Amino acid sequence: MDLLEYQGKQFFAKFDIPVSPGEAATTVDEAVAAADRIGYPVVVKAQVHVGGRGKAGGVKLASNTEEAREHAGNILGLDIKGHVVKIVWIEQASDIAEEYYASFTLDRAAKKHLGMLSAEGGVEIEAVAETNPDAIAKIWIDPVDGLTEDVAKAWVSAANLNPAATDGAVDILLKLYRAYTEGDADLCEINPLILKPTGEVHALDAKVTLDGNAQFRHEGWEVYDATQVRDEREQAAHDKGLQYVGLDGSVGVIANGAGLAMSTVDIVNQVGGSPANFLDIGGGANAEVMAGALEVINNDPNVKAIFINIFGGITKGDEVANGIVTALGRVHIDAPIVIRIDGTNADEGRAILAEHESDKLISKPTMLEAARAVVELAK
Amino acid sequence: MAIFVDENTKVLYQGLTGSQGRFYGLRNRDYGTQVVAGVNPKKAGSDVDGIPVYGTVAEAKQATGATVSCVFIPAPGVQSAVLEAAEAGLELVVVITEGVPAQDEAYFYNKVKRDFPGTRILGPNCPGIISPGKANIGITAGEIAKAGGPVGIVSRSGTLTYQALYELKLQGIGVTTCVGIGGDPVPGTSFIDCLEAFEADPETKAVMLIGEIGGSAEEEAAEFIKHKMTKPISAYIAGVTAPPGKKMGHAGAIVSGGKGTAAAKMEALTDAGVKVGNNPTEAGELMVEIVKGL
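The structure presented is a predicted model; accordingly, all values stated were derived computationally and were not measured.

S.K.: For this particular structure, what's the right way to read the overall build of chain B?
M.R.: Helix and strand counts for chain B come out as 9 helices and 14 strands. For chain B, the C-alpha radius of gyration of 18 Å lies close to 19 Å, the compact-globule estimate for 294 residues. Its C-alpha atoms give chain B principal-axis dimensions of roughly 55 × 40 × 30 Å. Split into buried and exposed, the 294 residues of chain B put 61% on the buried side.

S.K.: I would appreciate a short explanation of the pairing of strand β9 (residues 135-138) of chain B in the present structure.
M.R.: Looking along a regular strand, one sees side chains alternate from face to face of the sheet. Residues and elements named next belong to chain B. Note: strand β8 (residues 128-131) against β9, 4 bridges, orientation antiparallel. For I130, the partnering residue across the bridge sits in β9 and is N136. Linking β8 to β9, which pair antiparallel, is a turn of 3 residues; within it G133 sits at a positive phi near 80°.

S.K.: Help me out: how do you make sense of the packing of helix α3 (residues 78-87) of chain B against helix α4 (residues 102-115) of chain B in this one?
M.R.: Residues and elements named next belong to chain B. Between α3 and α4, the least distance of the axes is 10 Å, while the angle of their chain directions is 10°. Taken as axis vectors, α3 and α4 run roughly parallel relative to one another. Residues V78, Q79, V82, L83 and A86 of α3 form the contact with α4, whose own contacting residues are D104, Y107, F108, K111 and V112. Of the residues that constitute the contact of α3 with α4, the class distribution is 7 nonpolar, 1 polar and 2 charged.

S.K.: Help me understand the nonpolar core in this model?
M.R.: In this structure, B:V94, B:I153 and B:L209 are the most contacted members of the largest nonpolar core, which totals 98 residues. Ignoring any residue separated from it by four or fewer positions in sequence, one finds B:V94 in contact with B:V68, B:S69, B:C70, B:V71, B:L122, B:C126, B:G128, B:I129 and B:I137. Grouped together as the second largest cluster of nonpolar side chains are 45 residues, A:W155, A:L173, A:V201 and A:Y224 included.

S.K.: Which parts of the structure should I look at to understand the domain arrangement of chain A?
M.R.: How large an interface is tends to be reported as the accessible area lost when its parts come together. Looking at the assigned domains, one finds that chain A contains domain 1 (21-92), domain 2 (98-224) and domain 3 (232-378). Of note, the centres of domain 2 of chain A and domain 3 of chain A, computed from C-alpha atoms alone, are 42 Å apart.

S.K.: What's the story with α3(B) in this structure? I'm lost.
M.R.: An α-helix turns once per 3.6 residues; consequently, residues spaced three or four apart project the same way. Residues and elements named next belong to chain B. Of all the residues in α3, the buried ones are V78, A81, V82, L83, A85 and A86. Elements in contact with the buried residues of α3: β1 (10-14), α2 (57-64), β5 (68-71), β6 (92-95), α4 and β7 (120-122). Looking at the residues trailing α3, positive phi occurs at G89, about 90°.

S.K.: Would you explain the packing of aromatic side chains in this entry?
M.R.: Working definition: an aromatic ring pair is given by the centre-to-centre distance plus the angle between the planes. All names here are of chain A. Summed over the entire model, instances satisfying the criterion amount to 12 aromatic pairs over all chains. An angle of 20° between the planes, with centres 5.9 Å apart, marks the rings of Y6 and W89 as stacked. Pair noted here: Y6 is in helix α1 (residues 5-14) and W89 is in strand β6 (residues 88-92), with a separation of 83 residues, a long-range link. The same class applies to Y6 as to W89, namely buried.

S.K.: I keep staring at the environment of B:D184 and nothing clicks. Help me out?
M.R.: Residue and element names in this part refer to chain B. Tracing the backbone through its elements, the reader meets D184 in the loop between β11 (174-180) and α6 (191-200). Expressed as a C-alpha distance, the spacing of D184 and G123, which sit 61 residues apart in the sequence, is 7.5 Å. Not counting residues within four places of it along the chain, the set of residues in contact with D184 comprises V100, E105, P124 and N125. Of note is the side chain of D184, whose polar atom sits 2.9 Å from the side chain of N125.

S.K.: Got a minute to help me understand unusual backbone geometry in this structure?
M.R.: Trans peptide bonds make up the majority, and among non-glycine residues the majority have a negative phi. The amide bond that connects A:N191 to the next residue, A:P192, takes the cis arrangement and shows omega of 10°. With respect to the helices and strands, the residue A:P192 is situated in strand β10 (residues 185-195). Omega for the bond connecting B:G123 with B:P124 falls within 30 degrees of zero, at 10°, which places this linkage in the cis form. Along the polypeptide, B:P124 turns up in the loop between β7 and β8. With a phi close to 60°, A:N160 is a non-glycine residue in the positive phi region. You can see A:N160 is positioned in the loop between α5 (149-158) and α6 (166-182).

S.K.: What's the story with the sheet that holds strand β10 (residues 150-155) of chain B in this structure? I'm lost.
M.R.: Within a beta sheet, neighbouring strands are joined by backbone hydrogen bonds and run either parallel or antiparallel to one another. All names here are of chain B. Spatial ordering of the open sheet is given by β9-β8-β11-β10-β12-β13-β14, a layout of 7 strands whose pairing is mixed. Of all strands in the sheet, those with a lone pairing partner are β9 and β14 (275-277), marking the two edges. Averaged over all adjacent pairs, the angle separating strand axes in this sheet is 15°, with direction ignored. Contacts between helix α7 (residues 217-228) and the sheet are confined to β12 (206-212) and β13 (233-238), with β12 contributing the most and set at about 155° to the helix. Of the strands in this sheet, β10, β12, β13 and β14 touch helix α9 (residues 280-292), which is tilted by about 175° from β13.

S.K.: I'm lost on the domain arrangement of chain B in this one. Help?
M.R.: All names here are of chain B. What the domain assignment reports for chain B is domain 1 (10-122) and domain 2 (140-292). With centres defined by C-alpha atoms, the gap from domain 1 to domain 2 works out at 26 Å. Counting residues at the interface gives 10 residues for domain 1 and 13 residues for domain 2. Across the interface of domain 1 and domain 2, roughly 940 Å² is buried in total on both sides, 51% from carbon and sulfur atoms.

S.K.: Sorry, what's going on with the packing of helix α5 (residues 158-170) of chain B against α9(B) here?
M.R.: Any two packed helices are characterised by the angle at which their axes cross and by the distance between the axes. Residues and elements named next belong to chain B. Remark: α5 packs on α9, axes separated minimally by 9 Å, with the N-to-C direction vectors making an angle of 45°. Between α5 and α9, the angle is such that the two are oblique. Here α5 runs over α9; the crossing is right-handed. When α5 is examined against α9, the residues L160, Q163, E167 and L168 are found in contact with a partner set consisting of P280, T281, G284 and M287. Here the contact of α5 with α9 is built from residues that sort into 4 nonpolar, 3 polar and 1 charged.

S.K.: Explain the interface of chain B and chain A to me, please; I cannot follow it from the model alone.
M.R.: Contacts between the two partners involve 57 residues from chain B and, on the opposite side, 50 residues from chain A. Connecting chain B to chain A are 3 salt bridges. Between B:R114 and A:D142 there is a salt bridge; the shortest N-O distance is 2.9 Å. Counting every contact that joins chain B to chain A gives 23 residue pairs in polar contact (both at pLDDT 80 or more). Secondary structure elements with two or more residues in the side of chain B that touches chain A: α1 (19-31), α4, α5 and β13 of chain B. Looking at the side of chain B that touches chain A, the element that brings in the most residues is α4(B), giving 9 residues. Classifying every residue of the side of chain B that touches chain A gives 28 nonpolar, 18 polar and 11 charged.

Cut-offs applied
- Residues numbered from 1 in each chain as written.
- Chains lettered and ligands numbered in written order.
- Predicted model: local features only at pLDDT ≥ 70, side-chain atom pairs only at ≥ 80, totals over all residues.
- Heavy atoms only, no water.
- Helix = DSSP H or I, 4+ residues; strand = E, 2+ residues; numbered from the N terminus.
- Rg over C-alpha atoms; globule rule 2.2 N^0.38 Å.
- Buried < 20%, exposed > 50% of the residue type's maximum accessible area, 1.4 Å probe, protein only.
- Pairing = 2+ DSSP bridges.
- Axes fitted to C-alpha atoms, helices over the stretch in contact; angles between N-to-C directions.
- Parallel < 35°, antiparallel > 145°, perpendicular 65-115°, else oblique.
- Contact = heavy atoms within 4.5 Å.
- Nonpolar A, V, L, I, M, F, W, Y, C, P; charged D, E, K, R; others polar.
- Core = buried A, V, L, I, M, F, W, Y, C linked by side-chain atoms within 4.5 Å.
- Domains from an automatic or database assignment.
- Phe/Tyr/Trp six-rings, centres within 6.5 Å; stacked < 30°, edge-to-face > 60°.
- Polar contact = N/O pair within 3.5 Å; in protein donor to acceptor, adjacent residues only side chain to side chain.
- Buried area = accessible area lost by both parts, 1.4 Å probe.
- Left-handed = near helix turned anticlockwise from the far one by under 90°.
- Salt bridge = Lys/Arg side-chain N within 4 Å of Asp/Glu carboxyl O.

As structure tokens, then:
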């Protein structure tokens, strides 16, 4: 779950990481009132889930009320790489002496946390990694040990930050590590991490991705969830707790398990079709879940035929079959359905389907045959 | 022979008294697995269809001689369940549960590796492990696998693992052991761990590897295969047509920054001498050819 910048800063603030005072606004009047309260100069920043907003005109400095009004007016509603700005963040402008980069994420290959720190901040870290990899000081942290102050000091020293920034940087890195681990983030990134002329170190930006699996132990994550970018279909699927990714073809795909769902998307492509979506109904899917999945697919006007590909492990074939029958009784589905069931209780599932088989509900024994049939029907 | 588990393996179930644990625990027992105990501190002294339930893993181990645990505990309790099993000295902890926070996975993986090096974790978010005809621990439907070898299977994806077992069975090919390592960011057991074990297992003559987009586990496996494996391998990578930046269900399955693409993984594997299929059926057919040539 990706946070917007202002949400990331609010998240950082909970861990005492210094950020600029600011307010979020959704209308020009709100933005101006916020700017007046904060005191000029302020920066008006577009809140979107995409990089490159500065270049797109989404970040502007305002020295007075008139400028704040003008910039907020221009930025709200601005389209940045397909993301329309609905929220602006107004924050006190900061004097910058130097710009650094700091982040924590999981290094899956090393199975440890990876900390990256660089004196070359403010630009894309990927670009630094490419042109000047030595400018990034990396450390690998064993989660059992955590990040100690001594290690943080040595790390800051290795990154060659301005000595004036050392204490402030060590302090922020220790707090950022806490935010990353205790806050259950997949990524915590500050770019730029700034040194002010006064010697304070400060997070000028915040990029945070939270681990949705940890929502059970955190209050208030629903707020972040509400600002995720989803198309209509994705939102409907999300509301039903389904793993759905919208694609632009004509074959609706429902499968259990991410691997099988991906594989189903692949095989539809390989036999000349074009999938409308990826939809994983997950382990333990029952009749209710299957009915919900069919409703989501049914509401996609591009879908001409539906491919249900189930291999029973936790998901039982008879429950899937019942789900389809239930859904067909509840929703009118125009598109023909091709279904392939194997695995746990597959025979029971096929028997249930056989009672309802028609030219709108076709059962096929293998994935490949089912894919060919559904692609033919979608033509 | 099989790797990691066989007919002599005694298994306890953490979460046997829950609905999923009960369903699969009993089904594993029906398959022939030695399901010897359940663990639930609140239900110690009771039983699940004749399987005794103990208060702790240590008690269950002491009373029954179990060496393997299968975990069906809900995600919030997985970390303490795994650590309890490791502390009790179990050799293998199979974590079926999905939705475990990545921070927990990173912590208990490293904790167990450091303090309990004799314990192997499999998963989380995996279908388990089956040595067909000998032991089935987890949620795989045992009847879809043919016993006897000569093929070993290792897979990152649950349902694709079943698919692979099934494709081979249709072709009359048996499996020594099939290991589902799971699709989460910090899998306790890696492709390489399994490849190493299959290479050392005299009954396994060939290996089928099923990967998916995201991360670099397949590339690391390819490197290992190139230098350390003598046995022939077929592979399939799911997500060939997945659009970049979209997370395809699994926490791990995302193509980001041009990394972790199926194409790169397929190329690395091909370069290591692996026969790579474009779909699970094709990978199965490639394995048929490999087995014919053994």
